[in-house]
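Results of the structural survey
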Amino acid sequence: MMESSAIQVERTMAAGARDVAPIALAAAVIGMSFGILARDAGMGVVAPIVMSLTTFAGSAQMAAATVMNDGGAVAAAVAAAVLLNLRYVAIGVSVAPSLRGRRARRLAEAQLATDESWAISQDGGRVNRERLLGAGLVLLLSWTAGTTAGVLGGSALGDPATYGFDAMFPALFLALLAGQLGDRRARPPALAGALIALVLTPLAPPGIPIVVAAAGALLGLRPERAA
């Protein structure tokens, strides 16, 4: 029985890894863009790679590197990253019940919760832990590999905007949104978040719309009514 359970866990993790593979390719390219930007911002070689391994949050890392590249202070860069990562409060609330083991293990598993792995892990309005871990591990590897490639070989590529890499973030989030529209319980928070971001984007400073839009996810915390 235990062997059968272990096999099922492996299969579910593999399914999460397989489903996130197309997104992981995009993550690698965006990670490369971050590596180039971080290098140009004077962050060196090791720091961007370590940041990708530990922070593992594309939009926050991009914001921090952009602030530093524009001459901003380290404190301002950290503040920008923290602001963008506030949306993970809502994600963390939904992920926490599915995590297992002692605090250190739960913390390690929580590190793999990103926008993309969270979307892939949805199962009837709940988070499937094994799918989350499978998807998260693939994304972490691709993101860090992309960062490393950008830091070490970015000079040969030039400006990422030349290749249209700057459009990949919006396209990625739109793909994640589309994936949630087929779930009855996920549809209201997904549409609420999209509407909030759409309204605030032309009005608020960069980064604010995505933070406020995360409040839409709170709609998904409502308990299901009994049939």
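Everything numeric here is computed off the predicted structure, so don't read it as measured data.

Reading the values: the criteria
Along each chain, numbering runs from 1 in the same order as the chain's sequence is written. Reporting of local features is limited, given that this is a predicted model, to residues whose pLDDT is at least 70; pairs of side-chain atoms are given and counted only at 80 or more, and all residues count toward the totals for whole chains, interfaces and linings. Heavy atoms throughout the structure, all of them, feed into the side-chain values; hydrogens and water do not. Comment: elements are numbered from the N terminus, with helices defined as DSSP H or I runs of at least four residues and strands as E runs of at least two. Using a 1.4 Å probe on the protein chains alone, a residue whose accessible area is under 20% of its type maximum counts as buried, one over 50% counts as exposed, and one in between counts as partly exposed. Only heavy atoms matter for contacts: two residues are in contact if any of them lie within 4.5 Å across the pair. Accessibility throughout is a Shrake-Rupley quantity obtained with a 1.4 Å probe, and a residue counts as covered only by protein chains that appear here. Any Lys or Arg side-chain nitrogen located within 4 Å of an Asp or Glu carboxyl oxygen qualifies as a salt bridge. Every patch collects residues that have over 30% relative accessible area and no salt bridge, joining them within 9 Å if they carry like charges and within 5 Å if they are nonpolar side chains (Val, Leu, Ile, Met, Phe, Trp, Tyr). Only Phe, Tyr and Trp rings take part, Trp by its six-membered ring, and two of them pair if their centres are within 6.5 Å. Stacked means planes under 30 degrees apart, edge-to-face means over 60, and tilted covers everything else. Residues belong to one nonpolar core when they are buried, are Ala, Val, Leu, Ile, Met, Phe, Trp, Tyr or Cys, and are joined through side-chain atoms within 4.5 Å. What a helix is expected to span follows from its residue count: subtract one and scale by 1.5 Å. Here a polar contact is taken to be a pair of N or O atoms separated by no more than 3.5 Å, where protein atoms must pair a possible hydrogen donor with a possible acceptor and residues adjacent in sequence count only if both atoms sit in side chains. Per-residue confidence from the prediction method is given by pLDDT, with values spanning 0 to 100. An arc is given here, and it is the one of the directions from the helix axis to the C-beta atoms.

Thoughts on the overall build of the protein chain
- Regarding its fold elements, the protein chain presents eleven helices and two strands.
- In the protein chain, the order of α-helices and β-strands from amino to carboxyl end is α-α-α-α-α-α-α-β-β-α-α-α-α.
- Within the span of the protein chain, comprising 227 residues, buried residues form 40% of the whole.
- For the protein chain, the proportion of contacts with a sequence separation of at least 24, taken over those separated by at least 6, is 72%.
- When the accessible surface of the protein chain is summed, it comes to about 12,200 Å², and 68% of that surface belongs to carbon and sulfur atoms.

Points about the pattern of salt bridges
- The tally for this structure, following the rule as stated, stands at six salt bridges.
- Notably, a salt bridge pairs arginine 100 with glutamate 130, separated by 3.5 Å at the nearest N-O pair. Of this pair, arginine 100 sits in the loop between helix 5 (88-95) and helix 6 (103-110) while glutamate 130 sits in helix 8 (residues 129-153), and the two are 30 residues apart along the sequence.
- When its relative accessible area of 45% is taken as the criterion, arginine 100 is described as partly exposed.
- Given a relative accessible area of 9%, glutamate 130 falls into the buried group.
- Several salt bridges converge on common partners, so that one network encompasses Arg100, Arg105, Glu109, Arg129 and Glu130.

Points about a nonpolar patch on the surface
- A cluster of nonpolar side chains, Val78, Val82, Leu86, Val89 and Val93, forms an exposed patch at the surface whose accessible area comes to about 430 Å².
- When residues of the nonpolar patch are traced back to their parent elements, those giving at least two are helix 4 (74-84) and helix 5.
- Residue classification places valine 93 among the partly exposed positions, given a relative accessible area of 46%.

What about the environment of glutamine 61?
- Mapped onto the secondary structure, glutamine 61 falls in helix 3 (residues 58-69).
- Among the residues examined, glutamine 61 registers a relative accessible area of 0% and is labelled buried.
- Other than its neighbours up to four places away in sequence, glutamine 61 contacts Phe34, Met51, Ser52, Thr55, Phe56 and Trp143.

Brief notes about the packing of aromatic side chains
- For the coordinates displayed, the defined rule picks out one aromatic pair.
- Consider the rings of phenylalanine 34 and tryptophan 143, whose centres lie 6.1 Å apart with planes at 20°: the pair is stacked. With phenylalanine 34 in helix 1 (residues 2-40) and tryptophan 143 in helix 8, this residue pair connects regions lying 109 residues apart in the sequence.

Details of the side chain of glutamate 109
- By the element assignment, glutamate 109 lies in helix 6.
- Assessed through its relative accessible area of 6%, glutamate 109 is described here as buried.
- Sequence-distant contacts of glutamate 109, that is, excluding residues within four places in its chain, are made with Leu99, Arg100, Arg129 and Leu133.

A word on the nonpolar core
- Core analysis: the largest hydrophobic core is formed by 32 residues, its most contacted members being Val20, Phe34, Met43, Val95, Leu132 and Leu139.
- Mapped onto this core, the elements with two or more residues apiece are helix 1, helix 3, helix 5 and helix 8.
- Here this core takes eight residues from helix 1, the largest share from any one element.

Re helix 8
- Along its 25 residues, helix 8 runs 35 Å from first to last C-alpha, staying within 8% of the 36 Å computed at 1.5 Å per residue.
- Capping of helix 8 at its N-terminal end is provided by asparagine 128; its side-chain oxygen lies 3.1 Å from the backbone amide nitrogen of glutamate 130.

Examining the environment of isoleucine 120
- Note that isoleucine 120 resides in helix 7 (residues 115-120).
- The exposure class of isoleucine 120 is buried, given its relative accessible area of 15%.
- Excluding residues that lie within four positions of it along the chain, isoleucine 120 makes contacts with Gly16, Asp19, Val20, Ile23, Arg131 and Ala135.

What about the confidence of the model for the protein chain?
- For the protein chain, mean pLDDT is 78; residues scoring 70 or higher make up 70% of the total.
- Ranking the elements of the protein chain by mean pLDDT puts helix 9 (residues 168-180) last, at 59, and helix 8 first, at 93.
- Confidence drops under pLDDT 50 across residues 223-227; counting only partners more than four residues distant or on other chains, this segment forms three contacts.

Points about helix 10 (residues 187-200)
- An ideal rise of 1.5 Å per residue puts 20 Å on 14 residues; helix 10 measures up with 20 Å between its terminal C-alpha atoms.
- Within helix 10, burial applies to Pro189, Ala190 and Gly193. Along the long axis of helix 10, the arc covered by the buried residues comes to 105°, so they all point the same way. Summarising the geometry of helix 10, the exposed residues directed more than 90 degrees from the buried face are Leu195 and Leu198.

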